[in-house]
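# Inside the fold
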Amino acid sequence: MKSIAHAAPAVDVQAAPKLHKRNVALDRARTFLTLVVLLHHAVIPYTYFGHTDPTSWIGFDCVVLATDSFFMAMFFFLSGLFVWPGLGHKPWLIFLRDRLLRLGLPFVVCAFTVIPIAYYAIALRETPELTLSEFWRKTMTVGPWPSGPIWFVYVLMTFDLTASLLYRVSSRLLDPINRLSMKGFDHPWKFWLFLVVVSAAVYVPLLVRYGPYYWFEFGPFSVQASRVLLYAAYFFIGAGIGSANFESGLLSAHGRLTERRWFWTGITVIPYGLMWVMIYIKREIIGNPNPLPAWYLSIYGTFYVLFSASILFAILAYFLQSKSSGPTLLDRMQGDAYGMFLVHYPIVLWLQYWLFDFDLPAIAKAAIVFFGTVALSWAATAVLRKLPGAKYVL
């Protein structure tokens, strides 16, 4: 027999989207992901394979493999959760204006300022006599013009604009996903299986076609070719969950997902370990060929989507069941998290540049970079948010 606490209430899956009140658990998950981004960028130079600093530690390879295999997809998933209700309660032009202000404006500003300042640290290591003005002019005119982490902002804006067009076609387009979310209240594994199948269908073929390193690029507009449809899938699956009955479906604080957090954590370990097995095969058995064979990419891509879906469920289960009333550190940081994401990249690269010649262990360097980046990007965001109108953007 089902307990009353876990019996999904009867709801209308055709209910119109309604705006959700602030969800503390999801706010904390989003802020946590921001810190994961900062950690990812802080430790990359100190990885054992392909490190760019004199020191390295194999443990950071474990961190980078894990973070790179889920965190951006999860960002798109969380962003998608609230897009359908927003479309249902804002006139179309107002929604577009808000997205352009919140996403388009920061992307443009960062592409012309934050990103060149960040990559100047790398260029200066190679050409010490290069001035910032010379590097900026070369970036704007000759290129390359990398986007760094802000590629996420323009891709998210593209998904939002696409969602707004689809909503005008029919506000019921995502009802099948919402119905599956309702079943996920009692049987989250069904939704997990759906996420895995869709992810594999849109990711593995592109991974085989383009490989893991190719990016579509046009000036500062770039996106990883193999993952663009994966990100779209996570975004629109999230939108389907959030389109109606949010508190009664998969992400209900009283659903089965929150009870099985340790189960999902255990499930996550299996594909993660298998990805390392495939990396060993690539490097030690088949000789790290370029390009990688299709059979290898297909198997690795399958483990990748299994890991990404499983860790998404594990993290959501943890935050949904959290009983902390707060305010926690994540709660205090929540309002500044977006700004921290936007401004952190030059901070992290310049700290790494400064530490390059220091004779310190990799763990010490990474710790200095990570905590320094958190503190300085948080402080910078707090200052920027005091500017007139900045809170509407940051």
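Structure shown above.
Residues numbered from 1 in each chain as written. Predicted model: local features only at pLDDT ≥ 70, side-chain atom pairs only at ≥ 80, totals over all residues. Heavy atoms only, no water.

### Quick notes on the overall build of the protein chain
Counting its secondary structure elements, the protein chain contains 17 helices and two strands. Radius of gyration (C-alpha) of the protein chain: 22 Å, near the 21 Å computed for a compact globule of 394 residues. For the protein chain, the C-alpha atoms occupy an extent of roughly 70 × 55 × 40 Å along the three principal directions. Within the protein chain, buried positions represent 52% of all 394 residues. Carbon and sulfur atoms make up 68% of the accessible area of the protein chain, which amounts to about 18,600 Å² in all. (Helix = DSSP H or I, 4+ residues; strand = E, 2+ residues; numbered from the N terminus. Rg over C-alpha atoms; globule rule 2.2 N^0.38 Å. Buried < 20%, exposed > 50% of the residue type's maximum accessible area, 1.4 Å probe, protein only. Areas by Shrake-Rupley, 256 points an atom, 1.4 Å probe, with all protein chains shown as cover.)

### Overview of the packing of aromatic side chains
Tallying each qualifying case throughout the model produces 42 aromatic pairs. Taken together, the aromatic side chains of Phe75, Phe76, Trp151, Phe152, Phe159, Trp215, Tyr231, Phe235, Phe236 and Phe341 make up a single cluster linked through ring pairs. Over the aromatic face of Phe263 sits the side chain of Arg260, whose NZ or CZ is 4.5 Å from the ring centroid. (Phe/Tyr/Trp six-rings, centres within 6.5 Å; stacked < 30°, edge-to-face > 60°. Lys NZ or Arg CZ within 6 Å of the ring centre and 35° of its normal.)

### Describing the pairing of strand S2 (residues 221-224)
Of the pairings in the sheet, the one linking strand S1 (residues 215-218) to S2 comprises four bridges and is antiparallel in character. Across the sheet, residue Trp215 finds its bridge partner in S2, namely Gln224. Taking the residues that link successive antiparallel strands as the turn, the S1-S2 hairpin has two residues, and the phi of Gly219 there is positive, at about 60°. (Pairing = 2+ DSSP bridges.)

### A look at the pattern of salt bridges
Applying the stated criterion across every chain, the model contains 10 salt bridges. In this structure, Asp53 and Lys365 form a salt bridge, with 3.0 Å as the shortest nitrogen-oxygen distance. Taken together, the positions of Asp53 in the loop between helix H1 (24-43) and helix H2 (58-68) and Lys365 in helix H17 (residues 362-384) put the pair 312 residues apart, joining distant regions of the chain. We note that Asp53, like Lys365, is buried. (Salt bridge = Lys/Arg side-chain N within 4 Å of Asp/Glu carboxyl O.)

### Observations concerning the environment of Leu349
Tracing the backbone through its elements, the reader meets Leu349 in helix H16 (residues 337-355). Given a relative accessible area of 11%, Leu349 falls into the buried group. Dropping the residues within four chain positions of it, Leu349 is found in contact with Ala118, Tyr119, Ala121 and Ile122. (Contact = heavy atoms within 4.5 Å.)

### Some thoughts on the packing of H16 against H17
Following both chains from N to C, one finds H16 and H17 inclined at 140°, their axes separated by 8 Å at the closest point. The angle between H16 and H17 falls in the class oblique. For H16 against H17, the interelement crossing comes out right-handed. Contacts from Gly339, Met340, Val343, His344, Ile347, Val348, Leu351, Gln352, Trp354 and Leu355 in H16 reach Lys365, Ile368, Val369, Gly372, Thr373, Val374, Leu376, Ser377, Trp378, Ala380, Thr381 and Leu384 in H17. Looking at the contact of H16 with H17, its residues break down into 14 nonpolar, seven polar and one charged. (Axes fitted to C-alpha atoms, helices over the stretch in contact; angles between N-to-C directions. Parallel < 35°, antiparallel > 145°, perpendicular 65-115°, else oblique. Left-handed = near helix turned anticlockwise from the far one by under 90°. Nonpolar A, V, L, I, M, F, W, Y, C, P; charged D, E, K, R; others polar.)

### Regarding the nonpolar core
Phe77, Leu251 and Leu316 are the most contacted members of the largest nonpolar core, which has 124 residues in total. When residues in this core are grouped by element, the largest group, 17 residues, is from helix H14 (residues 294-321). Leu316 has contacts with Leu26, Met74, Phe77, Leu78, Leu251 and Leu257, leaving out every residue within four places of it along the chain. (Core = buried A, V, L, I, M, F, W, Y, C linked by side-chain atoms within 4.5 Å.)

### Topic: the packing of helix H3 (residues 71-80) against helix H11 (residues 228-242)
Following both chains from N to C, one finds H3 and H11 inclined at 30°, their axes separated by 6 Å at the closest point. As judged from the angle between their axes, H3 and H11 are roughly parallel. In this structure, H3 meets H11 at a crossing whose hand is right-handed. Listed contacts from H11 to Met72, Ala73, Phe76, Phe77, Ser79 and Gly80 of H3 are Tyr231, Tyr234, Phe235, Ile237, Gly238, Ala239 and Ile241.

### Considering H14
An α-helical turn contains 3.6 residues, so a residue and the one three or four places further along point in the same direction. With 28 residues, H14 should cover 40 Å at 1.5 Å per step; its first-to-last C-alpha distance of 41 Å lies within 8% of that length. Of all 28 residues in H14, 21 are buried, a share of seventy percent or more. (Expected span 1.5 Å × (residues − 1).)

### Re a nonpolar patch on the surface
Where nonpolar side chains cluster on the molecular surface, the patch consists of Tyr48, Phe49, Trp57, Ile58 and Ile363 and spans about 490 Å² of accessible area. Checked against the element boundaries, Ile363 lands in helix H17. For Ile363, a relative accessible area of 46% translates into the label partly exposed. (Patch = residues over 30% accessible without salt bridge, like charges linked within 9 Å, V, L, I, M, F, W, Y side chains within 5 Å.)

### Side note on H3
For H3, the tally of buried residues reaches nine of 10 residues, placing the bulk of the element in the interior. Looking at H3, one finds that the buried residues are Phe71, Met72, Ala73, Met74, Phe75, Phe76, Phe77, Leu78 and Gly80. Buried residues along H3 sit against H1, H2, helix H4 (83-89), helix H8 (151-169), H11 and H14.

### What about the side chain of His344?
Mapped onto the elements, His344 comes out in helix H16. Owing to a relative accessible area of 0%, His344 belongs among the buried residues under this scheme. Residues contacting His344, with those up to four places away along its chain left out, are Val37, Leu38, His41, Pro149, Thr373 and Ser377.

### Looking at unusual backbone geometry
The linkage connecting Gly143 with the following residue, Pro144, adopts the cis geometry, with an omega of 0°. Looking at the element boundaries, Pro144 is found in the loop between helix H7 (132-141) and H8. Of the consecutive residues Asn290 and Pro291, the connecting peptide bond is found in the cis state with omega at 5°. With respect to the helices and strands, the residue Pro291 is situated in the loop between helix H13 (261-285) and H14. A positive phi is found at Asn245, a non-glycine position, where the angle reads about 55°. Its relative accessible area of 16% is what places Asn245 among the buried residues. A positive phi angle, close to 50°, is found at Asn288, a residue other than glycine. Judged by its relative accessible area of 45%, Asn288 is partly exposed.

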